[in-house]
Amino acid sequence: MNALVQIALLGYIPFSLLFFAIMPAARAVASVLILGWLFLPPAVRFPMPGLPDYDKYFAIAFAASFGAILFDSKRVLSLRPAWYDIPMFLFIVLPGLTSISNGLGINDALSTIFRQITYFAIPYALARIYFSSLAGVRELMLVIFVSGVIYIPFVAYELRFSPQLNRMLYGYHQHAFGQTRRYGGWRPMVFMQHGLMLSLWMCSATVAGVVLWMSGSVRKVMSIPISVLVVAVGAVAVACRSFGALALMLMAMGVAYVARQLKLPLSWVYG
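**A word on the overall build of the protein**
Inference 1: The helix and strand inventory of the protein stands at twelve helices and six strands.
Inference 2: Within the protein, residue pairs in contact and separated by at least 24 positions form 70% of the contacts whose partners lie at least 6 positions apart.

**Focus on the packing of helix α5 (residues 86-101) against helix α6 (residues 106-130)**
Helix-helix packing is characterised by the crossing angle of the two axes and by the distance between the axes.
Inference 1: Between α5 and α6, whose axes approach to 8 Å, the crossing angle comes to 160 degrees. Considering their axes alone, α5 and α6 lie roughly antiparallel with respect to each other. In terms of crossing hand, the pair formed by α5 and α6 is right-handed. The residues of α6 that touch α5, namely those facing M88, F91, I92, V93, P95, G96, S99 and I100, are I106, D108, A109, T112, I113, Q116, I117, F120, A121 and Y124.

**With respect to the layout of surface pockets**
Inference 1: Roughly 1,200 Å³ of internal volume is contained in the largest pocket.
Inference 2: Lining the largest pocket are 38 residues, and of these V137, L140, M141, I144 and A208 lie nearest its centre.
Inference 3: Sorting the residues of the lining of the largest pocket by element identifies α2 (25-39), α3 (56-71), α6, α7 (134-161), α9 (195-215) and α11 (243-262) as the ones contributing at least two each.
Inference 4: Residue contributions to the lining of the largest pocket peak at ten residues, all from α9.
Inference 5: Residue classes in the lining of the largest pocket are distributed as 32 nonpolar, four polar and two charged.
Inference 6: Lining of the second largest pocket is provided by F19, M23, R27, S31, I34, L35, E139, L142, V143, V146, S147 and I150.
Inference 7: Per-class residue counts for the lining of the second largest pocket are eight nonpolar, two polar and two charged.

**Digging into the confidence of the model for the protein**
Inference 1: Taken as a whole, the protein shows an average pLDDT of 89; of its residues, 96% reach a score of 70 or greater.
Inference 2: Long-range and interchain partners of residues 267-271, a stretch whose pLDDT sits below 50, account for five contacts in this model, where long-range means more than four residues apart.

**Description of empty space enclosed by the protein**
Inference 1: One pass over the structure, following the stated rule, counts one cavity of 30 Å³ or more.
Inference 2: Taken as a whole, the largest cavity spans an internal volume of roughly 30 Å³.
Inference 3: What lines the largest cavity is H175, A176, Q179, T180, R187, M189, H194 and G195.

**Side note on the packing of aromatic side chains**
Describing an aromatic ring pair means giving the distance of the ring centres and the angle of the ring planes.
Inference 1: Using the criterion set out here, one finds 20 aromatic pairs in the structure.
Inference 2: The interplanar angle of 80 degrees and the centroid separation of 4.9 Å between the aromatic rings of F91 and F120 together place this pair among those described as edge-to-face. Here F91 is found in helix α5, whereas its partner F120 is found in helix α6, with 29 residues between them in sequence.
Inference 3: The class of F120 is partly exposed, set by a relative accessible area of 35%.
Inference 4: Between Y170 and F191, the aromatic rings sit 5.8 Å apart at their centres with planes inclined by 75 degrees, giving edge-to-face as the arrangement. Taken together, the residues span a long stretch of sequence, with Y170 in helix α8 (residues 165-170) and F191 in the loop between β4 (185-186) and α9 at a distance of 21 residues.
Inference 5: Look at Y170 and you get buried, because its relative accessible area is 5%.
Inference 6: A relative accessible area of 4% means that F191 is categorised as buried.

**Focus on the pattern of salt bridges**
Inference 1: Tallying each qualifying case throughout the model produces three salt bridges.
Inference 2: Between R45 and D55 there is a salt bridge, and its shortest N-O distance comes to 3.7 Å. Of this pair, R45 sits in strand β1 (residues 45-48) while D55 sits in strand β2 (residues 51-55); the two residues are ten residues apart in sequence, bridging distant segments of the chain.
Inference 3: For R45, a relative accessible area of 52% puts it in the exposed group.

**Things to note about the side chain of T206**
Inference 1: Within the secondary structure, T206 sits in helix α9.
Inference 2: For T206, the residues in contact, after removing those within four places along its chain, are V230, V233, G234, A237, M249 and M253.

**Details of the environment of D72**
Inference 1: Structurally, D72 can be placed in the loop between α3 and α4 (73-77).
Inference 2: Once the C-alpha coordinates of D72 and A26 are considered, the two residues, 46 residues apart in sequence, prove to be 9.6 Å apart.
Inference 3: When residues no more than four places from it in sequence are discounted, the contact partners of D72 are A25, G67 and Y130.

**Considering the packing of helix α1 (residues 3-22) against α2**
Inference 1: The geometry of α1 relative to α2 is characterised by a closest axis approach of 8 Å and an angle of 145 degrees between their N-to-C directions. In the crossing of α1 with α2, the sense of the turn from one axis to the other is right-handed. For the pair α1 and α2, contact is made by Y12, S16, F19 and F20 and by A25, A28, V29, S31, V32, L35 and G36, respectively.
Inference 2: A class-by-class count of the residues in the contact of α1 with α2 yields eight nonpolar, three polar and no charged.

Analysis parameters
Residues numbered from 1 in each chain as written. Predicted model: local features only at pLDDT ≥ 70, side-chain atom pairs only at ≥ 80, totals over all residues. Heavy atoms only, no water. Helix = DSSP H or I, 4+ residues; strand = E, 2+ residues; numbered from the N terminus. Contact = heavy atoms within 4.5 Å. Axes fitted to C-alpha atoms, helices over the stretch in contact; angles between N-to-C directions. Parallel < 35°, antiparallel > 145°, perpendicular 65-115°, else oblique. Left-handed = near helix turned anticlockwise from the far one by under 90°. 1 Å grid on protein atoms, 1.4 Å probe; cavity = no way out; pocket = protein on both sides within 12 Å on 5 of 7 lines; lining within 4 Å. Points joined across faces, edges and corners; volume = space filled by probe spheres on them. Nonpolar A, V, L, I, M, F, W, Y, C, P; charged D, E, K, R; others polar. pLDDT = per-residue confidence, 0-100. Phe/Tyr/Trp six-rings, centres within 6.5 Å; stacked < 30°, edge-to-face > 60°. Buried < 20%, exposed > 50% of the residue type's maximum accessible area, 1.4 Å probe, protein only. Salt bridge = Lys/Arg side-chain N within 4 Å of Asp/Glu carboxyl O.

This is how it looks when you write it as structure tokens:
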């Protein structure tokens with residue numbers, strides 16, 4: 001591990017403000033969440049007195065929420081609780097109650113609740129604010145798909161030379177290297193914590209691209225026909241060698257195809 005780990009994690013918050021300064025708020029939120037997920041160093045934590053450890057997920061959540069509050073406070077403050085937020089509320093609170101019932105004390109309970117808020121509740125709230133409409137979903141899917149396109153050369157490198165990029169940049173392997181061998185080849189990780197995580201992300205990017213392509217809402221990305229990029233991202237997703245992620249990808253594509261064939265109306269879902 002080298003000094004770049006701390007620079008990347010601590011510097012991501014001020015760096016993320018550039019996105020809010022030059023992009024619409026919805027695109028900036030999606031970009032900050034996803035780029036941090038793709039490129040910040042994983043599996044590293046720095047202790048903070050009285051707070052949960054500072055890590056990749058804390059940096060991402062804080063950067064996105066801070067930028068949204070600073071540049072788009074009116075929209076952020078317009079968020080109101082709804083009945084369908086109850087599962088998320090329980091998801092936040094119950095682990096803390098479990099800590100207390102197990103005799104771990106109030107400090108552990110508060111730390112657990114804060115971690116749940118950071119990892120899950122903040123991204124959920126930002127999604128409620130910015131991605132709860134058809135236009136918002138399209139924006140999010142576009143950023144997810146473009147992230148898959150951006151990741152292609154990194155994944156291709158590790159498919160050929162083994163998962164080394166995190167070690168080369170940040171100075172450590174983020175997971176047991178023995179688990180990177182799969183079906184006679186390498187299963188890449190890039191800057192994610194495990195190869196399974198990367199495989200699922202590339203499959204998700206492929207699904208996002210297929211839906212954008214099928215809907216006709218996006219014709220080109222970076223002046224390249226989206227059909228060409230979808231095939232490229234899909235090929236890399238297959239090369240990541242994760243049967244479970246590929247199965248989920250095919251199921252999602254099947255649902256998208258059936259919905260298109262039946263011309264199912266989606267506007268009622270988002271109001």
